[in-house]
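Here's the letter readout for the chains.
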Amino acid sequence: MKLYFSPGSCSLSPRIVLSELGLPADMVKVNLQTKALDGGGDFRAINPKGYVPVLQLDDGSILTEGPAIVQYLADRKPEAKLAPANGTMERYRLQEWLNFISTELHKQFSPLFNPASTDAVKEAQKQRLGERFNLISQTLAKQDYLLPSGFSVADAYLYTVLTWAGTTGPALTSWPALQAFMTRMQARPGVAAALAADRDAKKG
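Along every chain, residues carry numbers that run from 1 in the direction the sequence is written. For this predicted model, a pLDDT threshold of at least 70 governs which residues receive local features, and a threshold of 80 or more governs which side-chain atom pairs are given and counted, while totals over whole chains, interfaces and linings are taken from all residues. Heavy atoms from the whole structure form the basis of all side-chain values; hydrogens and water molecules are not counted.

## Comments concerning the overall build of the protein
Thought 1: Scanning the protein from terminus to terminus reveals seven helices and five strands.
Thought 2: Relative to the 2.2 N^0.38 estimate, which gives 17 Å for 204 residues, the radius of gyration of the protein is 17 Å and therefore close to what a compact globule would have.
Thought 3: If one aligns the C-alpha atoms of the protein with their principal axes, the spans along those axes are about 45 × 45 × 30 Å.
Thought 4: Counting the 204 residues in the protein, one finds 48% classified as buried.
Thought 5: Pairs of residues are marked as contacts when any of their non-hydrogen atoms sit within 4.5 Å. Here the contacts in the protein between residues at least 6 apart in sequence split such that 61% fall between residues at least 24 apart.
Thought 6: Of the roughly 10000 Å² of accessible surface on the protein, 52% is carried by carbon and sulfur atoms.
Thought 7: His residues and chain termini do not enter the charge count, which takes Lys and Arg as positive and Asp and Glu as negative. Just so you know, the charge point we use is NZ for Lys, CZ for Arg, CG for Asp and CD for Glu. Of the side-chain charges in the protein, 22 are positive and 19 negative, and the distance between the mean point of each set is 3 Å. Only runs of H or I of at least four residues qualify as helices and only runs of E of at least two qualify as strands under DSSP, and these elements are numbered from the N terminus. In this setup the radius of gyration rests on C-alpha atoms only. A globule is expected at 2.2 Å times the number of residues raised to 0.38. Each residue is assigned to one of three classes by its accessible area relative to the maximum for its type, calculated with a 1.4 Å probe on protein chains only: buried under 20%, partly exposed between the two thresholds, exposed over 50%. Note on areas: Shrake-Rupley with a 1.4 Å probe; residue coverage comes only from the protein chains shown.

## Topic: the environment of Lys2
Thought 1: Tracing the chain through its elements places Lys2 in strand E1 (residues 2-5).
Thought 2: According to the relative accessible area criterion, Lys2 is partly exposed, its value standing at 29%.
Thought 3: A C-alpha to C-alpha distance of 7.1 Å links Lys2 and Val28, two positions 26 residues apart in sequence.
Thought 4: Filtering out sequence-adjacent residues up to four positions away, Lys2 remains in contact with Asp26, Val28, Val54, Leu55 and Gln56.

## Side note on the packing of helix H4 (residues 119-140) against helix H6 (residues 176-186)
Angle between the axes and distance between the axes are the two parameters that describe a pair of packed helices.
Thought 1: Taken N-terminus to C-terminus, the directions of H4 and H6 make an angle of 65 degrees; their axes are 8 Å apart at the nearest point. The handedness of the crossing between H4 and H6 is left-handed. Contacts between H4 and H6 involve Phe133, Ile136, Ser137 and Leu140 from the first element and Ala177, Leu178, Phe181 and Arg184 from the second.
Thought 2: Residues are grouped as follows: Ala, Val, Leu, Ile, Met, Phe, Trp, Tyr, Cys and Pro are nonpolar; Asp, Glu, Lys and Arg are charged; every other residue, Gly included, is polar. When the residues that make up the contact of H4 with H6 are grouped by side-chain class, the tally is six nonpolar, one polar and one charged. Helix axes use the C-alpha atoms of the stretch in contact, all axes being lines fitted to C-alpha atoms, and the angles between their N-to-C directions lie in the range 0 to 180 degrees. Here is the rule for handedness: rotate from the far helix to the near one, and if that takes an anticlockwise turn smaller than a right angle the crossing is left-handed, while a clockwise turn gives right-handed.

## Brief notes about the nonpolar core
Thought 1: Among buried residues, the Ala, Val, Leu, Ile, Met, Phe, Trp, Tyr and Cys ones that are joined through side-chain atoms within 4.5 Å form a nonpolar core. In terms of nonpolar packing, the biggest core is built from 52 residues, with Phe133, Ile136, Leu158, Tyr159 and Phe181 touching the most fellow members.
Thought 2: Elements that contribute at least two residues to this core include exactly helix H1 (12-21), helix H2 (66-76), helix H3 (89-113), H4, helix H5 (153-162), H6 and helix H7 (189-203).
Thought 3: Ranked by size, the runner-up nonpolar core spans seven residues in total, among them Tyr4, Val28, Val30 and Val54.

Take a look at the structure:
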């Protein structure tokens, strides 16, 4: 497999999942501004959408969109239990969280990264994100991870998005449950390894 990624972006989520599962994958860095591949080539020839993550499978087929990629990876090693079995209510709960993180957190950060956004727009987005943080905190105040069964690919995605808080979005100081979640995640060897690799790629 081959993962197309960009340091500091949402592609950290599948990197965490790969690390947690111990699955091998070649990493290809993408410059999201120029759409150039590290070593040469046009990323848009791989993914016309122009953004990461992208997973290229061993047969050459391409899978895009983070929530789909992390579920695919989890299903490659079901004994690790990073995603409940397909067809179960627990799997639908996982998908419920992945969709919520994607639409109500991830995409709500987009205007905060956009230099064309006005201060009023950014403030409105921070308020919206704060409301979403309140909702997630209600779950994480009762259990360590989003699913009662424990760590899953949804936590990898949530952690990735929350790394943008403070510098870009609302600081997590008002949400102790989210701060505790971030601390738990950073203590996981798979997460620490993925973070270190992402930082090294950013320097390179």
